[in-house]
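# Analysis of the macromolecular model
Here is how the chains run, residue by residue.
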Amino acid sequence: MGFLFALGVVLTIAITFAIIKGGNDKKELAENEKKIRTFLSENDLRANHIIFTPHNNSNNSLSVNEKKKTISICHIKNDNVFVDNYSFDQVIGFDIDIDGESARKITVGGIIAGAALGGGLGALIGSQFGGKKSKVNLMHLVINVDDMSNPVIHFSILKPSFDGKPYNSDHFMVAEASKKAEKWSGIFKVILNRKVTE
């Protein structure tokens, strides 16, 4: 009886901690998003397209300014916003990385390669689509830029689950990340195609 009571107390504390941590994480993400939007606006880098990472890691946002033809990667450190800007001309490739596997690689000229060729991300993810992966843990946008000091930029769009277990491919978090990946794949395809046609 005492063991079950102790187990119940431990589980209650763990669940309470997870709820509080989740609430604090959401609040911090919302504050970071506001800081970044303000920073971009104040520095004349207002974004036509912007995405925020679902967790606090080194790169907090990825944005595109079509008028200035720039891509901005913002990160927050010690409550300050820092930005790395790249011109469209510096972008030389784009990929979607799912658990270390290339899902859609786009290079200059719009050449598409990888597991998702001709089938969207559903060709790689999801038993409901006949895909190869029934579980997904991480998803990143990977941008190659012409910068010898930082040629590969990883931007997380799917973080690991709270318990560290992979998501089922039909989980709403995977579906949401897949939609973001498809949109940004299209954006970078346009950017890379313009390098050839302009």
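Notes on the structure follow. (Residues numbered from 1 in each chain as written. Predicted model: local features only at pLDDT ≥ 70, side-chain atom pairs only at ≥ 80, totals over all residues. Heavy atoms only, no water.)

Within the largest apolar cluster, 31 residues are counted, with the highest numbers of intra-cluster contacts made by Leu-62, Ile-71, Leu-141, Ile-143, Trp-184 and Phe-188. Listing elements by their share of this core, those giving two or more residues are strand 2 (61–65), strand 3 (70–77), strand 5 (91–98), strand 9 (139–145), strand 10 (152–158) and helix 2 (172–197). A per-element tally of this core places helix 2 first, with nine residues. Non-local contacts of Trp-184, meaning those with residues more than four positions away in its chain, are made with His-49, Ile-50, Ile-51, Leu-62, Ser-63, Val-64, Phe-94 and Leu-141. Within the second largest apolar cluster, nine residues are counted, among which are Phe-39, Ile-50, Ile-76 and Val-81. (Core = buried A, V, L, I, M, F, W, Y, C linked by side-chain atoms within 4.5 Å. Buried < 20%, exposed > 50% of the residue type's maximum accessible area, 1.4 Å probe, protein only. Helix = DSSP H or I, 4+ residues; strand = E, 2+ residues; numbered from the N terminus. Contact = heavy atoms within 4.5 Å.)

Taken as a whole, this structure holds two aromatic pairs when the rule is applied. Taking 4.7 Å as the distance between ring centres and 5° as the angle between the ring planes, the aromatic pair formed by Phe-94 and Phe-188 counts as stacked. With a gap of 94 residues between them, Phe-94 in strand 5 and Phe-188 in helix 2 connect regions that are remote in the sequence. With centroids separated by 6.2 Å and ring planes inclined at 40°, the aromatic side chains of Trp-184 and Phe-188 adopt a geometry described as tilted. In this pair, Trp-184 and Phe-188 are both assigned in helix 2, four residues apart and thus about one turn of the helix distant. By relative accessible area, which is 1% here, Trp-184 ends up buried. Each residue in the set Phe-94, Trp-184 and Phe-188 is aromatic and connected to the rest through ring pairs, giving one cluster. (Phe/Tyr/Trp six-rings, centres within 6.5 Å; stacked < 30°, edge-to-face > 60°.)

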